[in-house]
Structure formats: C-alpha cells, structure tokens
Amino acid sequence: MTVSEKHMANAIRALAMDAVEAANSGHPGMPMGMADVATVLFSDFLKFDPKVPKWADRDRFVLSAGHGSMLIYSLLHLTGYARPTLEDIRNFRQLSSPCAGHPENFKLEGVETTTGPLGQGFATAVGMAVAERHLNALFGDDLVDHKTWVIAGDGCLMEGINHEAVGLAGHLGLGRLNVLWDDNGITIDGKTDLSTSEDIPARYRASGWHVVSCDGHDFADIRKALSEAEADPRPSLVACKTIIGYGAPTKQGTSATHGAPLGDEEIAGTRAALGWDHDPFVIPEDILESWRQLGEKGAAAHAEWDKRLSGHAQAGEFQRRMAGELPDGRAMQDYLESLAKDPPKVATRKASEMALGAITEALPEMLGGSADLTGSNNTKTSSTKPLTKDDYSGRYIYYGIREFGMAAAMNGMALHGGIIPYGGTFLVFTDYCRGAMRLSAIQNARVVYVMTHDSIGLGEDGPTHQPIEHVQSLRLMPNMQVFRPADAIETAECWALAIKRADGPSTLALTRQGLPPLRHDVSVNLCEKGGYRLKAADAEKRVVLIATGSEVSLAMDIAAKLEAAGHGADVVSMPCTELFDAQSADYRQELLGGDGVLRVSIEAGTTFGWERYTGLDGLRFGIDSFGASAPIEDLYAHFGLTVDAITPQILEKIG
C-alpha cells in the first residue's frame, strides 16, 4: 500500500512530540507545524545523499528556527543518515545524545550550521549562497550547481540581522537561496500582532526578493510554491501559512505548543487526531521504508556528479579548496624575508594590507570584504575585484553598514567550504558582530576578523569609537584566537597563523597609528608561541615587561630607561594570549620570570585579566575607563601610557 505524504509528515510530528515529552524540555510546535512543508521539501526539491553527507554539490539545508531542532533530527533519522539513531532521539537534550537542544553542526552530519540564536541561520545561509555562486563562477555547473534552503520562523524575520541579510541577498541577486517562512503568527509571548504589524512580504519585495505564499498543510499548494521559488532568478521567500503544534487538539495554534512539552493528555489527543495509534518512538515499517527510499533518491545525482568530477580539468584544485587544504608554496615566507630587509614604520592595519597583498595573490580561496570601511580597514588588494550580482567570480564584497550580517555571512562561506573568508570593521564594532563571532567559535568556522582602530590610538573620534574592553572580552571567548601584533613582521606572522588555522576563527586587532619596526629575524614564526622574548635583559634581570600591539614599542623604550638605571628588563611581546596559554608550563615560567622578578603588563585597554600573568604583586598599566576625544599623543599622556609616567612607578616598586 502506498504511504501518503500526510502519514510521512505525521512521523515527524510523532517523533517531535515524543522526544520533547521524554526530555521534559523542548519546542514541539514548530516541527509539528512545518512537518508537511519539510516532507515536500525533502521529497521533491532537496538534493542530498545520506550515505555521503558531505558531498560537495549537495543542497544546503539550514534550520534557522533552531529551537525546532526535532524537525531536522527527525528528517535526518527518517531519511537514513547514520545518526541520529532512534536511541539518540530518545535521549534528546541529554548529555549522551548528539540531538542537542539546538542543532550543532559538529555533532551531526546533515546539520550544516549551528543555529538557535534567531536570524543567524538565515544570515549564515546567505553566505552559503554567496559561496555557491562564487565557486560556480570559477568551476562551472558541472561541479557547483546547488541551492540553499532555509526554514525560518517569525522570530528569525524580526531580528535585526534579518534586515541586513535580506538586503545583502537581494543586492547580490542570490537566486539559489530559498527561505521557507513558518508563518504561524505565534511567538513565545503569544500572537505576533502583540509585537509587530510589519508587512513582511512587502519588505522582501522592496529588497529585491521574489515572494510567494502557500497553505502549509496543503501538499499540492506547497509543491506549487516551492516550484515557483526554485524557478525564479531572485532569492525567494515562501510564506507557508501553518498552524503551530498542528494536530494538538487544545493547544494547536497557540503559544502553549511553542516551548514546552504537550503533556500526556494532549499527546494522546494528538495521536487520535492524527490517526497515529503507535507507541512513542515507534515508526511503522511501511512509513520508515518510504522515508528511506526517499533518502536514496540523491545517490544517482551524486554518482553522476562523481563522474563529472573525475574527468574535470580542475578536479584537483576544487577538491583542495573544498578540503580546506592550503597549497604548497613559499609565498608568505618570501614576503616576510623581503619585509625583513627593510621593515617599514606603518600602522598594523597598513601592514595587514601589505600582507594580504601577498596572501590573496597566492591563495585564490581568500574572499574578503568590509562593512563600509574598506579604506580604513585596508582589506582590499589588487587581487580581489568586487563580487557582484553581475560577476560572482569577484573576491571582495562591499557589505555596507551590516557588521552583524557580514560576520554571519562569513560563517556561511566558511561552513560551505571552498572559501577562506575575511572581513573588516572597527574593533569597537565587534559589539555588533559578537553573536556571529561567538557562533564562529562554537562551530569551528575558519573565519578571519580584521578589526582595526584597536585602541585610544585612533585619536579624535573619541570614546564611542575607542575600544577599551573589547580585546580582552574577545580573549574570553573560547576557541577565538585574538592577535594584536606589534609591527609589520608580527602582523604578517599573525596572518600566516590565522590562515593556517582550520578549526576556528581568528581576530586581528590592528592599529590606526604608525608603529616602529621591532623585528628583523623571520627565520622562525615567533608569534606561533603566542608570546616570546623580544629583548633580553642586559643587566641583572629585575623586571619583565609584557606588552601587546602598539605598546610593545613603549615597553622597549621603558626597558631602555630601566637598563640605563642599572635594572635589567626583559620585554615580552604577547600577540596572542590563547597561543601562549597553550605552551608548556616550563616555557611560560621561563619567559615570565621566577621569584624576585617584577612582572609588568602594558596594554592600551582594560587591565582586567592581566593579573593572571603579572600576579597580584605585579603592575598593570592600561585604561579602566572610557577614552576621550583628543590627538593620540595627548591621550597616551592623559592615560599615563608613556615612558615618563610608567618608569618611575616600576622603579618605586622594585626599590
């Protein structure tokens, strides 16, 4: 007997409500409401192969409404992915299960991106769609010809990042991006008219999107709408009018199904209403078999793609890029050696531009951009022409004033594969980017954040633009490597480390003001240890000066003054505290000095956290208030970050 689509969709509903009930925690309403739409999507539109989940030309499916995670867990299990198993689903939201409360891409193949913070999955999908079009322009339809599908809820469309992502996608004409809006009119607080009266379809149309609607519980109407979206050359929003918690006799259509278990009585009523008379977590063989057959459909397309790849002239380069492997070559070392011959006095943002010139020429997978600060961030090079809707082969995106959207899109590019994205703004505006930066770190995304104007050294723009707590707060973020280089050579070394790192994001904190050259030896990447001895004490060592970025040259001048007074002083440059902390205890102890040596930190930002290196008896020089508007020299004097202000305090401390 042929299994109906309704029965297949009801399998999703049953697994969702049973798993949430077993966990006594979760969101059953969205999976139950979108089960019909998801069944049509996976049956007739999504290109995937559960046996080879990482097939490069698969469609990307993003569950932006990540709270409804049981939707994707049910779909992955039913279509035949190795995991989640039924036991994994039984243990939904438990420590032993990959079925986390919100989908995590590092726990399950088939989950393309970690979602949960509303709107970010949508914005990440924009980056995936950019990556598909860019790689298609380079390698052609034979190797790259897929779509990005998103399921998003009302919350995803309300979030501010949605406006940024929608505008960018419309501007770039990303016609392979299709967003299925779970238009159920419900949020946690109740009906959406409590908080919004926005004409969402009109906003999307005004942004260059195609918009179509459907009855989210009418399979023929869903199929018609998705076909229309798939055919339109613009990005598409499909408004799927659904009933949240579909099938729950007293709770469907209400916020009661949004974020809480239905309860035994309601579940019994739902089973009766759906005609689902099976025990919890039991999927009848005929329904499961229908889903598994559906999951096998993509194998033929995958096999055809494999044939095309095997005979393709660019197969090796395509596979290298998709694997995230860097090409062999000496481009970076050659650049460093040429730099060492005549190290310039430049701002590290300029040094970054110089390094990027060599990097982008050698690495075609580098795709850059800036949030309307190209001339300030120095992120564009001669190798990176603009990426536009008329030429997707470009390698530079003008993101406009969309810092959060830029950061999320870069996550999407990195997760798609084939691209190493980097993007710039002012360091203080990491406040706008932070949600996406945190997701970069959580999901091990290879993204490089180029953050310039890193301190009061930016001068007259004043406290709104002067970072104080920002560098240290980013250091607090697990799996984020923060680099604050001191000169042109350190900047190039930090870039080399950021690019080499394949398992997480990096942030480069760069100066506006020019810095003197401090390094000449480039035989070894000294920044790789996070901290190293730039200068050894001449006299008997009494002090270790630990500094980063623009304050390293200040530390060198202070050391000279101390040596002149007969007190030996080491200078430690610490461009990356995360890498330093990963070194052996012996290395760290030898570098920072033992008993009887005063440790002093100098950084033009908060002193918070530096006691872990100086100890409570050390000295910490920095800024524990907001900045001020003035020329740079006046600011450094005002905040006591000068040789004449710091040296006497050290001398007094060491007696």
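The shown structure was predicted, so the numbers you read here are calculated from the model rather than taken from an experiment. (Residues numbered from 1 in each chain as written. Predicted model: local features only at pLDDT ≥ 70, side-chain atom pairs only at ≥ 80, totals over all residues. Heavy atoms only, no water.)

Draft legend 1. Layout of the state of the cysteines. Enumeration over the complete set of coordinates arrives at zero disulfides. Its sulfur unpaired, cysteine 527 is 4.0 Å from the next cysteine sulfur, which belongs to cysteine 494. (Disulfide = S-S within 2.5 Å.)

Draft legend 2. Structural detail: helix H10 (residues 264–274). Every buried residue of H10 is listed here: Glu266, Ile267, Thr270, Arg271 and Leu274. Buried residues along H10 cover an arc of 140° about the axis, so they all sit on one side. Residues of H10 that are exposed and angled more than 90 degrees away from the buried face: Asp264, Glu265, Ala272 and Ala273. The inward-facing, buried residues of H10 abut helix H1 (5–23) and helix H2 (29–45). Backbone geometry just after H10 places glycine 275 at a positive phi near 70°. (Buried < 20%, exposed > 50% of the residue type's maximum accessible area, 1.4 Å probe, protein only. Helix = DSSP H or I, 4+ residues; strand = E, 2+ residues; numbered from the N terminus. Arc of directions from axis to C-beta. Contact = heavy atoms within 4.5 Å.)

Draft legend 3. A look at the sheet that holds strand E1 (residues 60–63). The strand order across the open sheet formed by five strands is E1-E2-E3-E7-E6, and the pairing between neighbours is parallel. Looking at which strands have only one partner, the edges of the open sheet turn out to be E1 and strand E6 (210–215). Recorded for the sheet is a direction-independent mean angle of 20° between the axes of neighbouring strands. In this structure, E6 lies alongside strand E7 (residues 236–241), joined through six bridges in parallel fashion. (Pairing = 2+ DSSP bridges. Axes fitted to C-alpha atoms, helices over the stretch in contact; angles between N-to-C directions.)

Draft legend 4. Representation of the pattern of salt bridges within the structure. Considering all chains together, one arrives at 37 salt bridges under this definition. A salt bridge links aspartate 183 to lysine 241; the shortest N-O distance between them is 3.8 Å. Separated by 58 residues along the polypeptide, aspartate 183 in strand E3 (residues 177–183) and lysine 241 in strand E7 bring together distant segments of the chain. Its relative accessible area of 47% is what places lysine 241 among the partly exposed residues. Each of Asp454, Arg475, Arg484, Glu551 and Glu603 takes part in a single network of salt bridges with overlapping partners. (Salt bridge = Lys/Arg side-chain N within 4 Å of Asp/Glu carboxyl O.)

Draft legend 5. Spotlight on empty space enclosed by the protein. What the rule picks out here adds up to three cavities of 30 Å³ or more. Size it by volume and the largest cavity reaches roughly 100 Å³. Counted by class, the lining of the largest cavity contains eight nonpolar, one polar and four charged residues. By volume, the second largest cavity is sized at about 70 Å³. If you go around the second largest cavity, the residues you meet are Asp454, Pro467, Ile468, Val471, Gln472, Arg484, Glu603, Ala604, Gly605 and Thr606. Residues belonging to the lining of the second largest cavity are distributed by class as follows: four nonpolar, three polar and three charged. (1 Å grid on protein atoms, 1.4 Å probe; cavity = no way out; pocket = protein on both sides within 12 Å on 5 of 7 lines; lining within 4 Å. Points joined across faces, edges and corners; volume = space filled by probe spheres on them. Nonpolar A, V, L, I, M, F, W, Y, C, P; charged D, E, K, R; others polar.)

Draft legend 6. Local environment of helix H11 (residues 285–296). Given a rise of 1.5 Å per residue, twelve residues ought to cover 16 Å, and the 16 Å separating the end C-alpha atoms of H11 matches this to within 8%. Buried residues of H11: Ile287, Leu288, Ser290, Trp291, Leu294 and Gly295, and no others. For H11, the angular spread of buried residues about the axis comes to 155°, placing them on one side. Residues of H11 that are exposed and point more than 90 degrees away from the buried face comprise Glu285 and Glu296. (Expected span 1.5 Å × (residues − 1).)

Draft legend 7. Representation of the side chain of threonine 113 in the model. Relative to the assigned elements, threonine 113 resides in the loop between helix H4 (86–90) and helix H5 (120–139). Reaching out from threonine 113, the side chain makes a polar contact with the side chain of glutamine 443 at a distance of 3.1 Å. (Polar contact = N/O pair within 3.5 Å; in protein donor to acceptor, adjacent residues only side chain to side chain.)

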